[in-house]
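Coordinates in review
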Amino acid sequence: MPRENAVHTLRAAASAVGVIALLVIGNYMSFWFSATSPFAPRALRCNPDSNEPGLRTYTSLDEQTLPPEEVAWLAGRNEVVADVWRDYLSRAGLKGFDIDAFLNKKKLPTVALAFSGGGDRALLVGGGVIRAMDDRIPESVERGTGGILQLSSYISGLSGGSFLIGSLYTTDFQTIDYIHDHVWKLTVDTFTPTGGDYVADFGVYDEFLRDVAHKARAGYPTTLTDYWARLVSIHTTPDRNHGVNVTMSGLGSYNNFKSFKAPFPVVVWNERLPGQKDLNDYSNIWESSIYESGSWSPTIQGFIKTKHLGTWMENGKPVDNKCTVGLDHFGYVVGISSSVFNQALQDLDKSTNNKLLSPVIQFLTHKQVDAALVPNPFYKMDSVDNLTSTVKAVSLVDGGEDGQNVPVWPFLQPARNVDVLFATDSTVSYYEGGWPNGSSLISSAKYSAFSGVGFPPIPATPEEFLEQGLVSRTVFFGCERAPAGRQPYPLLVYVPNRYYSYPSNASTFRRVYSPEESRPFLMNGFDILSAAGAQDPVPADGQQGWSACLACALVSRAERDLRRLTPQCRSCMQDYCWSPTKIAGLDDDDDAIGSDADADADAADGAEAALAAARQLHPRVARIIEERRRNSPPRTGTPPPHAPLPADGDSAWSTSASAVAAFAAAASVAGVLLLVLFAGRRRAHAAAAAVAKPAASEGEAAPLLADA
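Rules behind the numbers
- Residues numbered from 1 in each chain as written.
- Predicted model: local features only at pLDDT ≥ 70, side-chain atom pairs only at ≥ 80, totals over all residues.
- Heavy atoms only, no water.
- Helix = DSSP H or I, 4+ residues; strand = E, 2+ residues; numbered from the N terminus.
- Buried < 20%, exposed > 50% of the residue type's maximum accessible area, 1.4 Å probe, protein only.
- Contact = heavy atoms within 4.5 Å.
- Areas by Shrake-Rupley, 256 points an atom, 1.4 Å probe, with all protein chains shown as cover.
- Pairing = 2+ DSSP bridges.
- Core = buried A, V, L, I, M, F, W, Y, C linked by side-chain atoms within 4.5 Å.
- Disulfide = S-S within 2.5 Å.
- Axes fitted to C-alpha atoms, helices over the stretch in contact; angles between N-to-C directions.
- Parallel < 35°, antiparallel > 145°, perpendicular 65-115°, else oblique.
- Left-handed = near helix turned anticlockwise from the far one by under 90°.
- Phe/Tyr/Trp six-rings, centres within 6.5 Å; stacked < 30°, edge-to-face > 60°.
- Lys NZ or Arg CZ within 6 Å of the ring centre and 35° of its normal.
- Salt bridge = Lys/Arg side-chain N within 4 Å of Asp/Glu carboxyl O.
- Lys, Arg positive; Asp, Glu negative; His and termini not counted.
- pLDDT = per-residue confidence, 0-100.
- Expected span 1.5 Å × (residues − 1).
- Bend = angle between axes of the 7 residues up to and from the residue.

What to know about the overall build of the protein chain
Assigned secondary structure in the protein chain consists of 23 helices and 19 strands. Counting across all 708 residues of the protein chain, residues that qualify as buried make up 58%. The long-range share in the protein chain, meaning contacts at least 24 apart out of those at least 6 apart in sequence, stands at 74%. On the protein chain, roughly 27,600 Å² of surface is accessible, and the fraction owed to carbon and sulfur atoms is 55%.

Regarding the pairing of strand E6 (residues 285-289)
Of all the five residues making up E6, five are buried; the element is thus mostly covered by neighbouring parts of the structure. Here E6 shows two buried faces, one formed by Ile285, Glu287 and Ser289 and the other by Trp286 and Ser288. With five bridges joining them, strand E5 (residues 264-272) and E6 adopt antiparallel strand pairing. Bridge pairing in E6 links Asn270 to Ile285. Counting the residues in the hairpin turn of E6 and strand E7 (residues 292-295) gives two residues.

Looking at the nonpolar core
By size, the foremost hydrophobic cluster in this structure holds 149 residues, and its most contacted members are Trp85, Trp184, Phe422, Phe476 and Phe477. In terms of residue count, helix H19 (residues 542-556) provides more of this core than any other element does, nine residues in total. Leaving out residues up to four positions away in the same chain, Phe422 has contacts with Val111, Ala112, Leu113, Ala114, Met133, Ile148, Val493, Val495, Leu529, Leu550 and Leu554. Core analysis: the second largest hydrophobic core is formed by five residues, Phe39, Leu209, Val212 and Tyr227 among them.

Considerations on the state of the cysteines
Per the counting criterion, the structure on display carries four disulfides. Shown here is the disulfide that connects Cys479 with Cys577, its sulfur atoms set 1.9 Å apart. Taking the torsion about the S-S bond as the criterion, the Cys479 to Cys577 disulfide, at about -95 degrees, is left-handed. With Cys479 in the loop between strand E16 (475-477) and strand E17 (491-496) and Cys577 in strand E18 (residues 577-578), the pair connects residues that are 98 residues apart, well separated along the chain. Here Cys479 and Cys577 have matching classes, each one buried. Linked covalently through their sulfurs, Cys549 and Cys572 form a disulfide whose S-S length is 2.0 Å. Between Cys549 and Cys572, the S-S torsion sits near -70 degrees, and that sign places the bridge as left-handed. Of the two residues, Cys549 sits in helix H19 while Cys572 sits in helix H20 (residues 567-576), which places them 23 residues apart along the sequence.

Digging into the packing of helix H4 (residues 119-133) against helix H7 (residues 160-170)
For the pair H4 and H7, interaxial distance at closest approach is 7 Å and the crossing angle is 50 degrees. Taken together, the axis directions place H4 and H7 in an arrangement best described as oblique. When the axes of H4 and H7 are compared, the crossing they make is right-handed. On the side of H4, the interface is formed by Gly119, Asp120, Ala122, Leu123, Gly126, Gly127 and Ile130, while H7 contributes Gly160, Gly161, Phe163, Leu164 and Leu168.

Quick notes on the packing of aromatic side chains
All told, the structure shown has 28 aromatic pairs when counted by the stated rule. Ring centres of Phe257 and Phe264 lie 6.0 Å apart, and the angle between their planes is 45 degrees; this geometry places the pair in the tilted category. Chaining the aromatic ring pairs together yields one cluster made of Trp73, Tyr154, Phe257, Phe260, Phe264, Tyr291 and Phe411. The residue whose ring lies beneath Arg131 is Phe526, and the NZ or CZ to ring-centre distance is 5.0 Å. Taking NZ or CZ as reference, Arg510 lies 4.2 Å from the ring centre of Tyr513, over its face.

Quick look at the pattern of salt bridges
Counted by the stated rule, this structure contains 26 salt bridges. A salt bridge links Asp419 to Lys107; its shortest N-O distance comes to 2.6 Å. Separated by 312 residues along the polypeptide, Asp419 in the loop between strand E13 (393-397) and strand E14 (420-425) and Lys107 in the loop between helix H3 (99-103) and strand E3 (111-115) bring together distant segments of the chain. Residue classification places Lys107 among the partly exposed residues on the basis of a relative accessible area of 38%. Residues Arg131 and Glu139 are paired through a salt bridge, measuring 2.6 Å at the closest nitrogen-oxygen approach. We classify Arg131 as buried; its relative accessible area is 4%. For Glu139, a relative accessible area of 35% puts it in the partly exposed group. Look at the salt bridges and you will find they share partners, linking Arg131, Glu139, Asp177, Asp181 and Arg519 into a network.

Topic: the side chain of Asp425
Here Asp425 is to be found in strand E14. Among buried charged residues, Asp425 stands out as having no salt bridge; its nearest opposite-charge side chain is Arg121, 7.5 Å away. Beyond its immediate chain neighbours, meaning those up to four positions away, Asp425 contacts Ser116, Val406, Pro436, Ser440, Tyr494, Val495, Pro496 and Asn497.

Comments concerning the confidence of the model for the protein chain
In the predicted model, the protein chain carries a mean pLDDT of 81, and 76% of its residues have values of at least 70. Confidence over residues 628-708 falls short of pLDDT 50; this stretch has 158 contacts with residues more than four positions distant or in other chains.

So, unusual backbone geometry
In the segment running from Glu52 into Pro53, the intervening peptide bond is cis, with an omega of 5 degrees. Asp536 connects to Pro537 through a cis peptide bond whose omega is 5 degrees. Backbone geometry at Asn51 places phi at a positive 55 degrees, although glycine is not the residue there. Among the secondary structure elements, Asn51 is positioned in the loop between strand E1 (42-45) and strand E2 (56-57). Located in the positive-phi region is Asn417, a residue other than glycine, with phi close to 50 degrees. Within the fold, Asn417 resides in the loop between E13 and E14. For Asn417, a relative accessible area of 40% gives the class partly exposed.

Notes on helix H2 (residues 68-90)
A rise of 1.5 Å per residue sets the reference length of H2, with its 23 residues, at 33 Å; its end C-alpha atoms lie 34 Å apart and thus fit the reference within 8%. Of all the bends in H2, the largest measures some 30 degrees and sits at Val81. Three or more residues of H2 are buried, namely Glu70, Trp73, Leu74, Gly76, Arg77, Val81, Val84, Trp85, Tyr88 and Leu89.

Right under this line is the structure:
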């Protein structure tokens, strides 16, 4: 019997090999006779009259500026949101508040929304929070929270949160209810895009293989992220062609964005430096918006027009005066933000320590197949740190791998001048039972302090977040403005995922949800922001009391002094604002990151200790920060450093060891297969290119990734 089973197994394996061989052969043949895929970027002659490709850099926080397109869009948005503010405040339950006087102020508060990573869990929980903010949802209006979405100027997402942001904009800002029912394919596994029809799946994968092959033939690096990007598009866009024609820059032409009726979207990535396997606390953070892509991080401080992302550059100039268009494919932008293959492979290598598997993983990492490779806009630029500027293509990965799983960084920048920032945290912490523990905010606070950017005071450790109940309710951080001499920071409304109406703490790796499961997830996200009963303390005035307190947080930044708020708002701020001086048993606030106590004494010690820690992880960042501090006025209240925190969220792979191993193994096997398919095509394309045209100039086609 065992021998008979073995025969059947061998026959099945032989059949599978035969099918794969037929696929490869058929795919090669169809590739040569098919039209160029829209997924493939194109290199066109740059137009000097339109400032192409639009590269810009700055050297200090004081020099930060926004692109002219974003400035103009914000001006139009501010005109639209004034009426939204009036409608929202009139139904929020405020008492004794003069709405007309508020609207007559020179500047209304700028509001931003940030949604964390966490796979489909983050997609659903974040979607519920957006639903609670949407004045097109009758339940949201009834609870007094509808309208926050419409008055917000910015919105960001990373990883699973980027799926949410992407699906909002590819549908021209439809409601979450519509997107849930008509766009998200939650009942279908991401890796079986047609829902189990393997013949149809075969056809879809064949199409995607050709898409990526066309990109390679055009002279651009391709990796696992390209295939992942095509899969992501199926599940986040209503486009019949799997979103192949949708670009990030092209979303600017959609009606609701163009008419200033939707916030300004930002997707966040991380950069993996040359030779780096695991990211650290000081990794460069990149972002992509409709107008620009680049980094505010102190080692880069530069941007290029998103439309021309992928242009081969050298010392600030496009190579051969050719500007790339089409690399900012929507699925690729979102796919980069959720590209965790590098972490999967490294976790697999560490957990198995297999002598046969480890060299394969190291080979894939060395060839950078496990990350996205994007032509570097800052190649050979003296103003950019040389770990970034010496590579022709930068390696970009999931936006939460640095521990900052809630993408607040884009909205801490002085140029954007955000007043109120909602941070929805759907991170899971393996050590705390699958719920947020505040570590994402702590990582952001450390990074901000090190970079010289303002961040509101928060507790210093996850243990303090847990002990003080700050992950079991909505909390306001930074209710008081930053004191004179320090970088300003927004009031941060922290919305941690928690169990109110449904246990919404599923694994990040879960890829299928039935309607009976996804709707309760969505409603729990709705409740954790909008329901009075989900807060602590529950307001005495019930639902109207909570909606009023949220409104108080939003309007408070229009006042220079909290004492000028109404009695109702002052009471709300006392109940929901976190301050180190409110914690029982503390005589000072030395334990608060970003706090002001003993600022003069702590600043020097904290700065030196932070630099000492950074020198171990990223010496060049430390050098740049030291130079910045020498050339800038001293800032008080620099937070003390803290021991490295346990990784959490997507970057921690916080599920059982078996789930990690299974996912990582699948990723590595898929990587090897795709690498084989791609390598065969690449050789064929290279041979064809050599016959068809003379050798390309340096950096034009299939360039090296780093200098020799």
